[in-house]
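One letter stands for each residue in the lines below.
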Amino acid sequence: MTGPTAETQKGRYAKPLPTSNLSYSDVVPEFEPFEGVAESEVTPRAFAPGGVLLEALKINMCQDVNKPKHYTTDYYMQNLVVRRGQEFVMQVTFNRPLAPEDDFHIEFTIGSDPSPNKGSLVMVTFGNRGSSSWSGRILQSQGTSVMFGITPDAAAIVGKFQVYVAISTGMGMQRSKRDPTTDLYLLFNAWCPDDHVFLPNEAERQEYVLNDEGVIYQGSSSSVVDRPWTFGQFERGILDACIFVLDASQMPIYDRGNVVKLVRVGSAMMNSQDDNGVMVGNWSNDYSMGKPPTSWTGSTKILLQYANTGVPVCFAQCWVYAGVFNTFLRCLGIPARVITNYNSAHDNTGNLKTDLLFNADGTPDRRNTRDSIWNYHCWNEVMIKRPDLPPGLEGWQVVDSTPQETSDGFFRCGPAPVIAIKEGHVCYPFDCGFVFAEVNSDVVFLKRDKYGNLTPFRVDKTYVGEKILTKAVGSQQQNNITNTYKYPEGSAEDEATMARAEGFGCERDHSDVPEDDLSVTVIVEPCVIGQDVQLVATFKNQGKVLRNVTAHLDCDIIFYTGVVASHFKDITFDVTVLPYQSYSVPFKIPAYEYQTQLSSQTCLRFIVSGQSDNLHVLDLKVLELQTPDLKVTLNGEPLLNQEMGVKVEFTNNFGFPLRGVNLSLEGAGLIGPKSKYYREIPPQATITWQETFIPWLPGLRRITALMDCQEVRQVSGFVEVNIPYPAK
């Protein structure tokens, strides 16, 4: 978000708002006179007993003690990382033992021009002098070494703090010398009941805060595809990169302890649509100015590139936005997960209707259809309290960084309480109405005559939001969470929810479409790219009159957004269906008819429509073509800090060469992002790629490999390895 400059805000603020955490020119003075003391008088009035002025010689942030207790051992960085609302310890070595008369405190500062009343300057005292919202205590004192316990406020600013020991000399405060190695990173704390991100279940904390690998679901509702994704929130440089994102947004330092404001800023900053954010969206087939969205294996390379250049990274689509946003959230300590909504409505008229138009002959009216149904759409959920809303609206909240519609002037969405969406309370902030429509729209099929008149002939209330998935806690299995967003279709609770939403201004469809005794159902067999597609259209006549049906099969290659990439086949056929009988028509779609037009898309859509007298029937199916797998194997003994090897193999079993092939692999805690380019892989040829790595994190780990080229996208594979924890 591009903010105002200091010059343009001179008359509005007494001082410019601090918006940078990682880089600012302010230097905290080592000596600061008390108010009213002239510079010429700054000499100590009195010395402590023995005539030796107290001085802090060394600060030890006790990382080995603090990190395990704060679940921050995995962060690959030199500085201490702790979570707010929970005590950490630090050891200070003075030049002499403490005396009762000594007057000192420990300072924590963040951003430029730190201020006590804004929470960016925190003074932790030990004695009778009043302290700040952070508390401190002396745990142990042995000679010149003193162990302090510091508990940051559960609502403290999140980010990178500088640490000083400040000692009163009579005329002013004498601070310890600036030492970057003592800088402290403070995060949100899902283990603290007073923090607004508190998550009571330990297994969920392990999954939604600490798991640095995940699965993002793609494909279609009938053919779900698992896509491994490396979040990598603990990798080298990622925490600084996430703070850089906040700095680039010019979010005031003072607001960075407010989780609602922070996730809202993060949602806007993941896309570059209006604020020079992290990623550029691209839903075309032209990715010549960057990397195809299908070629990313995880978030780390994207975030590091953005932090190093300040230039938005090309390119992303919804699952990439969701994957990178998940890394950003978990890295800062916010419980988060990636959600996939199958058959996600994207309606251009702002209501609860998705209108699909058809011509008089039953063919899709592509020219006049404006709404679309995405095969799937990915967003995120965060587990937070909502002090800005009435009780009962805390818990999982939808946040979406894919640029779709503006919210308060920026392309972002949420946080929207999931429970508000389920109950139809679309009046609450933020963007509940938009999310509600994504999972609850009615699909209205309309026939358009030659004069442009539209007549509804079918309404499907179950297609949109048919399945909502996220990764299960502690396993690679799917967790179907559809019931957290909506009641069963047609239930009394569902009707009450829809009526409530309509009362808040969401327009519903009330078309009077009579029940027909004729219907059609399309079944498509799973199919690998390069194979013929087997399809069956079954017409069912539940009436007592024979039906002669003129039918049409429309075959398209579509983007996952439901937009047609290319139309490759039409078949018109006639069917006679006896009373109370069914009649099936099989079709075989040869691979050569779709293969040459696939490009970056792997989705085929088949629409069968039919007309008998004044009856119109229709069914559609989306087929996600399956891709081959990469074979990923390991060699070497799995031990911490000991070299291992990984091998990726692929055989081109297609009858055509693969050109411009990019192979990528990475594994959090094991190996950073690597890539290899092949100009061409001929038919039946096998490629082998080997890399060595040294594991630096223990536990169950995963290496994901991905192959991407113009002919075949998203060919992936992975291997898991358990790196033993070191003996204690």
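Details of the structure are given in the entry above.
Residues numbered from 1 in each chain as written. Predicted model: local features only at pLDDT ≥ 70, side-chain atom pairs only at ≥ 80, totals over all residues. Heavy atoms only, no water.

**Looking at the overall build of the protein chain**
The helix and strand tally for the protein chain stands at 11 helices and 40 strands. For the protein chain, the residues scored as buried account for 54% of the 728 residues in total. Long-range contacts, defined here as pairs at least 24 residues apart, represent 69% of the contacts in the protein chain between residues at least 6 apart. Summing over all exposed atoms, the protein chain offers an accessible surface of approximately 30,400 Å²; the carbon and sulfur share of this is 50%. Taking the average place of the 62 positive charges on the side chains of the protein chain and the average place of its 83 negative ones, the gap between the two points comes to 2 Å. (Helix = DSSP H or I, 4+ residues; strand = E, 2+ residues; numbered from the N terminus. Buried < 20%, exposed > 50% of the residue type's maximum accessible area, 1.4 Å probe, protein only. Contact = heavy atoms within 4.5 Å. Areas by Shrake-Rupley, 256 points an atom, 1.4 Å probe, with all protein chains shown as cover. Lys, Arg positive; Asp, Glu negative; His and termini not counted. Charge placed at Lys NZ, Arg CZ, Asp CG, Glu CD.)

**Details of helix α4 (residues 259-269)**
With 10 of its 11 residues buried, α4 lies for the most part within the structure. The opening residue of α4, the one whose side-chain oxygen lies 3.0 Å from the backbone nitrogen of Val260, is Asn258. (Polar contact = N/O pair within 3.5 Å; in protein donor to acceptor, adjacent residues only side chain to side chain.)

**A short note on the packing of helix α3 (residues 238-249) against α4**
The N-to-C vectors of α3 and α4 enclose an angle of 85 degrees; their axes lie 10 Å apart at closest approach. Between α3 and α4, the interaxial angle falls into the category roughly perpendicular. Residue-level inspection shows Val245, Leu246, Ala248 and Ser249 of α3 in contact with α4, the latter providing Leu262, Val265 and Met269. (Axes fitted to C-alpha atoms, helices over the stretch in contact; angles between N-to-C directions. Parallel < 35°, antiparallel > 145°, perpendicular 65-115°, else oblique.)

**A look at the sheet that holds strand β4 (residues 88-94)**
Spatial ordering of the open sheet is given by β2-β4-β8-β7, a layout of four strands whose pairing is antiparallel. The open sheet is flanked by β2 (56-60) and β7 (135-142), the only strands paired with a single partner. On average, adjacent strands in this sheet sit at an angle of 25 degrees to one another, irrespective of strand direction. As paired elements, β4 and strand β8 (residues 145-151) share six bridges and run antiparallel to each other. Bridged to Phe88 within β8 is Ile150. (Pairing = 2+ DSSP bridges.)

**Brief notes about the packing of aromatic side chains**
If you walk through the whole model with that rule in mind, you get 27 aromatic pairs. Look at Tyr287 and Phe315: their rings are 6.1 Å apart centre to centre, the planes differ by 50 degrees, and that puts the pair in the tilted class. Of this pair, Tyr287 sits in the loop between β14 (279-281) and α5 (300-309) while Phe315 is found in strand β15 (residues 313-316), placing the two residues 28 residues apart along the sequence. The pair Tyr287 / Phe315 is uniform in exposure class, with both members buried. Pairing Phe325 with Phe328 gives two aromatic rings, centres 6.0 Å apart and planes at 35 degrees, and the pair type is tilted. Highlighted residues: Phe325 and Phe328, both in helix α6 (residues 318-331), separated by three residues, approximately one helical turn. In terms of burial, Phe325 and Phe328 fall into one category: buried. (Phe/Tyr/Trp six-rings, centres within 6.5 Å; stacked < 30°, edge-to-face > 60°.)

**Focus on the pairing of strand β39 (residues 699-708)**
Most of β39 sits out of view: nine of its 10 residues are buried. The pairing of strand β36 (residues 658-667) with β39 spans five bridges and is antiparallel. Residue pairing for β39: Asn662 is matched across the bridge by Asp708. Taken together, the nine bridges between β39 and strand β40 (residues 715-723) define a ladder with antiparallel strand orientation. Along β40, the bridge assignment pairs Ala705 with Gly717. Counting the residues that bridge the hairpin from β39 to β40 gives six residues, and of these Gln714 lies at a positive phi of roughly 60 degrees.

**Regarding the packing of α4 against α6**
Interhelical geometry of α4 versus α6 gives an angle of 150 degrees and a closest axis separation of 10 Å. The angle between the axes of α4 and α6 places the two elements in the roughly antiparallel class. The handedness of the crossing between α4 and α6 comes out as right-handed. Of the residues in α6, those touching α4 at Leu262, Val263, Gly266 and Ser267 are Phe325, Phe328 and Leu329. (Left-handed = near helix turned anticlockwise from the far one by under 90°.)

**Details of the layout of surface pockets**
Roughly 960 Å³ of internal volume is contained in the largest pocket. As for the largest pocket, its lining consists of 31 residues, and the residues nearest its centre are Asp74, Pro698, Gly699, Arg701 and Tyr725. Where the lining of the largest pocket is concerned, the elements lending two or more residues are α2 (202-210), β12 (213-220) and β39. Tallied by class, residues from the lining of the largest pocket come to 13 nonpolar, nine polar and nine charged. Considering only enclosed or pocket space, the second largest pocket measures out at about 710 Å³ in volume. Looking at the lining of the second largest pocket, the elements that each hand over two or more residues are β12, β13 (223-230), β39 and β40. (1 Å grid on protein atoms, 1.4 Å probe; cavity = no way out; pocket = protein on both sides within 12 Å on 5 of 7 lines; lining within 4 Å. Points joined across faces, edges and corners; volume = space filled by probe spheres on them. Nonpolar A, V, L, I, M, F, W, Y, C, P; charged D, E, K, R; others polar.)

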